[in-house]
Amino acid sequence: MDAKKILTNKSFCVLPWTGFEFEPNGNIKNCIISTSKLGNIEEQDITAILSGEKNLKIKQQMLKYKNICNFKKEIEILDARRNQSARSVLTELFRELKNV
């Protein structure tokens, strides 16, 4: 496994390994922008969700340099806003979501 190749690949994201998004309805996702839920905390333990098949599949695909459709939008947004702070990006995203 070539770390440089993984980290410079546009299909790779650290979030499946480092965190998750917890929504008010109990849904757990990899990212605030992701459209795919990994599970729901009302139905499953958080450890089971994060170590579950959906999250493992995402990680495996990223390590094989495969493009993950769930993350396409996130990657485009992050590429477009590379020089902005995380707070600025999130503020802008919330403004965009308000208009949807």
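Here the structure is a predicted model, which means the values were calculated and not measured.

1. Re the overall build of the protein chain
A tally of helices and strands in the protein chain yields six helices and three strands. Looking at the protein chain as a whole, 31% of its 100 residues qualify as buried. Relative to all contacts within the protein chain whose residues are 6 or more apart in sequence, the contacts with residues 24 or more apart total 41%. Counting every atom, the protein chain has about 7200 Å² of accessible surface; 54% of that belongs to carbon and sulfur.

2. Details of the sheet that holds strand 3 (residues 39–40)
Strand order in the open sheet formed by three strands is 1-2-3, and the pairing between neighbours is antiparallel. Whereas interior strands pair on both sides, the edge strands pair on one side only; in this sheet they are strand 1 (21–22) and strand 3. As paired elements, strand 1 and strand 2 (residues 27–29) share two bridges and run antiparallel to each other. Looking at strand 2, one finds that phenylalanine 22 is bridged to isoleucine 28.

3. A look at the side chain of lysine 29
Assignment of secondary structure puts lysine 29 in strand 2. Relative accessible area serves as the criterion here: at 8%, lysine 29 is assigned to the buried category. For lysine 29, the side chain forms a polar contact with the side chain of glutamate 23, separated by 3.1 Å. Ignoring anything within four residues of it in the chain, the contact list for lysine 29 reads Phe20, Glu21, Glu23, Ser34, Ser36, Lys37 and Leu38.

4. Section: the pattern of salt bridges
A complete count under the given rule lists one salt bridge for this structure. Across the pair glutamate 23 and lysine 29 runs a salt bridge whose closest N-O atoms are separated by 3.1 Å.

5. Thoughts on the confidence of the model for the protein chain
Scored by pLDDT, the protein chain comes out at a mean of 76, with 55% of its residues at no less than 70. The spread of mean pLDDT over the elements of the protein chain runs between helix 5 (residues 72–80), the lowest at 60, and strand 3, the highest at 96.

6. With respect to the side chain of asparagine 55
As for its position among the elements, asparagine 55 is in helix 4 (residues 53–63). According to the relative accessible area criterion, asparagine 55 is buried, its value standing at 1%. Ignoring anything within four residues of it in the chain, the contact list for asparagine 55 reads Pro16, Asn30, Leu38, Ile49 and Leu50.

Thresholds applied
Residues numbered from 1 in each chain as written. Predicted model: local features only at pLDDT ≥ 70, side-chain atom pairs only at ≥ 80, totals over all residues. Heavy atoms only, no water. Helix = DSSP H or I, 4+ residues; strand = E, 2+ residues; numbered from the N terminus. Buried < 20%, exposed > 50% of the residue type's maximum accessible area, 1.4 Å probe, protein only. Contact = heavy atoms within 4.5 Å. Areas by Shrake-Rupley, 256 points an atom, 1.4 Å probe, with all protein chains shown as cover. Pairing = 2+ DSSP bridges. Polar contact = N/O pair within 3.5 Å; in protein donor to acceptor, adjacent residues only side chain to side chain. Salt bridge = Lys/Arg side-chain N within 4 Å of Asp/Glu carboxyl O. pLDDT = per-residue confidence, 0-100.

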